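Fold and geometry: a report
Below are the chains, spelled out letter by letter.
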Amino acid sequence: MKFTQMTAATLLVLALVGCSSEQPNPAADPSSTTEAKTAQKEQSRVESVKAEINRLADGFDYDGAIKLAKNDDNAELQKMVSGLEDEKSQMTAWPKPDQIPHLFFHSLVIDTDRAFDSDAQAQGYKDYMVTHKEFSKILDSLYDRGYVLVNPRDFARPNKKGEMEYRKIMLPKDKKPLVLSVDDVSYYEYMDGDGFASRLVVDRDGKVRNEYTDASGKKHVGAYDVSTMVDDFIDEHPDFSYRDARGILAMTGYNGEFGYRTSESQYPKNKHIKQDQQAATKVADALKDEGWVFASHSWGHISTGTEDMGRFKRDMKLWKKEVEPIVGKTDQFVYPFGSDIARVNYYSGAKYNYLKDQGFKYFYGVDGTTHAWMQQTDDYQRQMRINVDGLQFAKEKDGDRPVLSEFFDADKVIDPAR
Ligand SMILES: [Zn+2]
């Protein structure tokens, strides 16, 4: 058979099955054409299921991976089960379920020239923010030191009776859990033009990205803040995330969400408010799909610990009216300014009862002096967070209260642009 005599369909089949032209013409038998196509289709299905099984196993979700392999009719995938069972048996429960550290960040400084200039905000940025370069080094160090991101429900969750309980986190012996959160992901108005990302957007592949405008006015789309950098890092290092965990995003309402001015009480003149609300909701949905968890951070960033009940309730109503429709219902509460409603004693009283009535079960304060502090009752889970920012870097350098050295070497991380 001469090459030129082949039809386009034959060529396609030859290409698919990898035959040489010496073999009998498979197009002569229509059933073998169909068979080749079916085999090809099956092989590509198997490859994609295999990739998903590997992704789940890399993220320590062995039960999910095993289920997928076991329930598949394909023999090659079923053969993966024993290897996965073996890997699963190597995992051990994190021995200190009530000692899991929690680091928190604010939006990252991208352009240090514009952030650390001499305007009124510069000192605040130095004190409360870290730079893009610093965060990148911190991620590398956390990963090198064996930290794995976990979500609140991985370490504590109500049982069937509704009582909060610590949960086993199953990791290899050299790995340890860590909670990460990002506060105020609103791209506040005051940050405009100071060298930060301007908002979050969802790209064509459904991936959340930042928009960032550089000093020359050129717009960029990419990873220019914590959540997007963490997502990219986990794409490259799936074992930095426990069962698809990312972190907690603590949201206020007064400047809207993710850079969209969605607050109806604050922006009554925003003609695009409905579109902005839709765009912000799309971002929130995509973030939730990626594994991020939302928390209330109060609507007006109020000092929750000291405000009177009237203001406290008014603020909560605004959060429920303006923020909840975008980010969804949540049982997580991150105190603004770390302004907790109690010291180390257990929660009680009117403010706690109100928060409980509003559905909150997980509470996060700030304590930059201790490695990990948690408190649990049947009703709630409480955890202190360590601020990672310029103030903490300064304390670390003084050798006063070195808490960050567990996670990274501050000397190697600190941006010379500070
Ligand atoms: Zn805040």
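Residues numbered from 1 in each chain as written. Predicted model: local features only at pLDDT ≥ 70, side-chain atom pairs only at ≥ 80, totals over all residues.

Looking only at helices and strands, the protein has 15 helices and 16 strands in total. Dimensions of the protein along its principal axes, counting C-alpha atoms only, are 90 × 50 × 45 Å. Sorting the 418 residues of the protein into buried and exposed places 39% on the buried side. Counted over contacts in the protein with a minimum sequence separation of 6, partners at least 24 positions apart contribute 66%. (Helix = DSSP H or I, 4+ residues; strand = E, 2+ residues; numbered from the N terminus. Buried ≥ 20, exposed ≤ 12 C-beta atoms within 10 Å, placed from the backbone. Contact = placed C-beta atoms within 7 Å.)

Residue placement: D203 occurs in the loop between β8 (199-202) and β9 (208-213). For D203, a count of 11 C-beta atoms within 10 Å translates into the label exposed.

Our next topic: the nonpolar core. Counting 96 residues, the largest nonpolar core has A65, V150, L178, L249 and A295 as its most contacted members. Looking at this core element by element, the count peaks at seven residues for helix α12 (residues 309-327). Both domains that meet at this core, namely domain 1 (3-90) and domain 2 (93-413), each give it at least three residues. In this structure A65 touches I53, L56, A57 and L84, once residues within four positions along its chain are discounted. (Core = buried A, V, L, I, M, F, W, Y, C linked by C-beta atoms within 7 Å. Domains from an automatic or database assignment.)

On to the pairing of strand β2 (residues 102-105), then. The alternating pattern of β2 places H102 and F104 on one face and L103 and F105 on the opposite face, and all of these are buried. Across four bridges, β2 lies against strand β7 (residues 176-183) in parallel orientation. Across the sheet, residue F105 finds its bridge partner in β7, namely V182. By the bridge criterion, two bridges tie β2 to strand β16 (residues 381-387) in an arrangement that is parallel. Counterpart to L103 in the pairing with β16 is I386. (Pairing = 2+ DSSP bridges.)

Viewed as axis vectors pointing N to C, helix α8 (residues 132-144) and helix α10 (residues 226-236) meet at an angle of 35°, and their least axial separation amounts to 11 Å. Viewed along their axes, α8 and α10 form a crossing whose handedness is right-handed. Side by side, α8 and α10 meet where F135, S136 and L139 of the first sit next to V226, M229 and F233 of the second. Grouping the constituent residues of the contact of α8 with α10 by class yields five nonpolar, one polar and no charged. (Axes fitted to C-alpha atoms, helices over the stretch in contact; angles between N-to-C directions. Left-handed = near helix turned anticlockwise from the far one by under 90°. Nonpolar A, V, L, I, M, F, W, Y, C, P; charged D, E, K, R; others polar.)

Right, let's talk about helix α14 (residues 390-398) for a bit. Residue pairs spaced three or four apart in an α-helix point in one direction, given the helix's 3.6 residues per turn. Looking at α14, one finds that the buried residues are G390, Q392, F393 and E396. The buried residues of α14 occupy an angular sector of 160° when the element is viewed end-on, so they sit on one face. Where α14 is buried, its residues touch α7 (122-128), β16 and α15 (410-413). Where α14 terminates, the next one or two residues include G399, which has phi positive at roughly 70°. (Arc of directions from axis to C-beta.)

Averaged over all residues, the pLDDT of the protein equals 92, while 92% of them reach at least 70. In the predicted structure, residues 1-22 sits below a pLDDT of 50 and forms 18 contacts with residues beyond four places in sequence or in another chain. (pLDDT = per-residue confidence, 0-100.)

Turning our attention to the domain arrangement of the protein. You can read the domains of the protein as domain 1 (3-90) and domain 2 (93-413). Relative to domain 2, the C-alpha centre of domain 1 lies at a distance of 42 Å. Contacts between the two partners involve six residues from domain 1 and, on the opposite side, nine residues from domain 2. Here the side of domain 1 that touches domain 2 is composed, by residue class, of one nonpolar, two polar and three charged.

Here three strands make up an open sheet; going across it, the order is β8-β9-β10 and the pairing antiparallel. Only two strands of the sheet have a single neighbouring strand rather than two, namely β8 and β10 (219-222). Ignoring which end each strand starts from, the neighbouring axes of this sheet average 35° apart. Strand direction decides the pairing type here: β9 and β10, joined by four bridges, are antiparallel. Along β10, the bridge assignment pairs Y212 with H220. Relative to β8, helix α11 (residues 273-290) is tilted by about 75°, and along the sheet it contacts β8 and β9.

Okay, the pairing of β7 next. Counted residue by residue, β7 has eight buried out of eight residues, so it is predominantly covered. Pairing analysis gives three bridges linking strand β3 (residues 147-149) to β7, with the strands arranged parallel. Each residue of the ladder has a partner; that of L149, found in β7, is L178. Note: β7 against strand β11 (residues 248-251), three bridges, orientation parallel. Paired with S181 across the bridge in β11 is I248.

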